[in-house]
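# Residue-level structural notes
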Amino acid sequence: MKYNYLIVGAGLFGSVFAYEAKKKGKTCLVIDKRDHIAGNIYCEEIEGINVHKYGAHIFHTSNKKVWDYINQFAEFNNYINSPVAVYKDELYNLPFNMNTFSKMWGIRTPQEAKEIIQKQIAELNITEPKNLEEQALSLAGTDVYEKLIKGYTEKQWGRPCTELPSFIIKRLPFRFIYDNNYFNDRYQGIPMGGYTKIVEKMLDGIDVKTNTDYFEFIKENPDIAEKTVFTGMIDEYFGYKLGALEYRSVRFETEVLDTDNYQGNAVVNYTDREVPYTRIIEHKHFEFGKQEKTVISREYSSEWHQGMEPYYPVNDDKNNTLFDEYRKLADQEKDVIFGGRLGNYKYYDMDKVIEAALEVCEKELV
Ligand SMILES: Cc1cc2nc3c(=O)[nH]c(=O)nc-3n(C[C@H](O)[C@H](O)[C@H](O)COP(=O)(O)OP(=O)(O)OC[C@H]3O[C@@H](n4cnc5c(N)ncnc54)[C@H](O)[C@@H]3O)c2cc1C
């Protein structure tokens, strides 16, 4: 059988493309090297709880078109992401807002908070920040930096803030109101029943093969489709011939606990350097779960080596330049469309992936 499209990757990008292509009467085969569909938004059910296997995923967008689009496939609950930060034995609300400042300095008004931050920034007298530490200090002042930024960032990047470039932090989301909603977006929520069901609906009636790696599969089936949509790693597609792009990875340690409520919140960040993990996610709170047990995941940020899950692209000059070279090669592959976070070597939130996939569909599926 020859398909119109071979879609490599059953993640959000590949699945949106497959759904739209089917609507236009095209035939698709979707393959994924993992043993399940849904890519990084996959939820695994443990003790009746939807566990976000590849990291906590909160859907948020200001794009009404994308919000309406995703709502075709699921009803979203009214979850609002309001993480908490633990620094030694102190506990603060995030993002940095009046609740955080009030707890930190025992103050009440925005004016008082602004004065403290400005005074700390002025005392540092940093005119041209040379690294991330100086940049963050010059934006946040000493207390917020030391307690809430320094240790967390060092764990995330595996390096001291003094050795990280300043561009990583361009601005800080300070809020001088009492508001713990992490996102500024108009729409936010978690799909009731988990994300995998969304992708199941998108791929309904479409041929799907899991446990199928493209590079093996295409050797045996070179004429399987007229065109390919490739959402795997762009450098791997080209056999790493220009060199390998770099990523940061995350290791998850997931545990079932015999209690119904471990930390009272879905997301708790650990901001001191001494605690080895960056966050603990308690999955049931995404869906207001009432189960008897609970499931938590500790997240450890780690170096990435080939063969590991590539989570976050390292978009510094060196890697962006290398990606541009791969992009030029990609432009010459007339029958291959590169998409998604790995095909574009870009950190995309889910709404941006949907936007990008719909844009490609509009051009491609006439
Ligand atoms: C830790 C973490 C937390 C996140 N949290 C949020 C959040 O809260 N909110 C939000 O909006 N976004 C979040 N995101 C981003 C979100 O995960 C992505 O936007 C989305 O999953 C990207 O979809 P995709 O289809 O591009 O990639 P993926 O989901 O990675 O899909 C690509 C698929 O291709 C498959 N594949 C790769 N190579 C091959 C091959 N050679 N052969 C066959 N199959 C292959 C992979 O197995 C994978 O299933 C988060 C990302 C991470 C890493």
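Here, every reference points to the structure presented above.
This write-up is about the structure you can find in this document. (Residues numbered from 1 in each chain as written. Predicted model: local features only at pLDDT ≥ 70, side-chain atom pairs only at ≥ 80, totals over all residues. Heavy atoms only, no water.)

## Notes on the overall build of the chain
Helix and strand content of the chain: 12 helices and 16 strands. Its C-alpha radius of gyration of 22 Å places the chain within 12% of the 21 Å reference for a compact globule of 366 residues. Reported as C-alpha extents along the three principal axes, the dimensions of the chain are approximately 70 × 50 × 35 Å. Counting only residues that meet the buried cut, the chain has 53% of its 366 residues in that class. In the chain, the share of contacts with a sequence separation of at least 24, taken over all contacts with a separation of at least 6, comes to 72%. (Helix = DSSP H or I, 4+ residues; strand = E, 2+ residues; numbered from the N terminus. Rg over C-alpha atoms; globule rule 2.2 N^0.38 Å. Buried < 20%, exposed > 50% of the residue type's maximum accessible area, 1.4 Å probe, protein only. Contact = heavy atoms within 4.5 Å.)

## Observations concerning the nonpolar core
Phe 59, Met 202, Phe 286 and Ile 354 are the most contacted members of the largest nonpolar core, which has 55 residues in total. Sorting the residues of this core by element identifies β1 (3–8), α1 (12–23), β2 (28–31), α2 (64–71), α7 (196–202) and α12 (350–364) as the ones contributing at least two each. Those residues in contact with Phe 59 that lie beyond four places of it in its chain are Val 66, Trp 67, Ile 70, Phe 76, Tyr 187, Gln 188, Gly 189, Tyr 195, Met 350, Asp 351 and Ile 354. Among the nonpolar cores identified, the runner-up in size contains 52 residues, and Tyr 3, Ala 113, Ile 121 and Leu 342 belong to it. (Core = buried A, V, L, I, M, F, W, Y, C linked by side-chain atoms within 4.5 Å.)

## As for the sheet that holds strand β7 (residues 90–93)
Sheets are built from strands paired through backbone hydrogen bonds, the pairs being either parallel or antiparallel. Strand order in the open sheet formed by 7 strands is β7-β6-β12-β13-β14-β11-β15, and the pairing between neighbours is mixed. If you trace the sheet from one side to the other, it starts and ends with β7 and β15 (312–313), each paired once. The sheet contact formed by strand β11 (residues 247–257) and β15 spans 2 bridges and is antiparallel. Across the sheet, Arg 248 pairs through a bridge with Tyr 312, a residue of β15. (Pairing = 2+ DSSP bridges.)

## Here's the deal with the site of the ligand
Around the ligand, a shell composed of 30 residues is seen, among which Asp 32, His 57, Arg 341, Tyr 348 and Met 350 lie nearest. A distance of 3.0 Å separates an oxygen atom of the ligand from a polar backbone atom of Phe 13. In the complex, 97% of the free accessible area of the ligand, which totals 1,000 Å², lies under the protein chains. Breaking the shell around the ligand down by element, the ones donating at least two residues are α1, α8 (214–220), α11 (340–343) and α12. (Near = heavy atom within 4 Å. Polar contact = N/O pair within 3.5 Å; in protein donor to acceptor, adjacent residues only side chain to side chain. Areas by Shrake-Rupley, 256 points an atom, 1.4 Å probe, with all protein chains shown as cover.)

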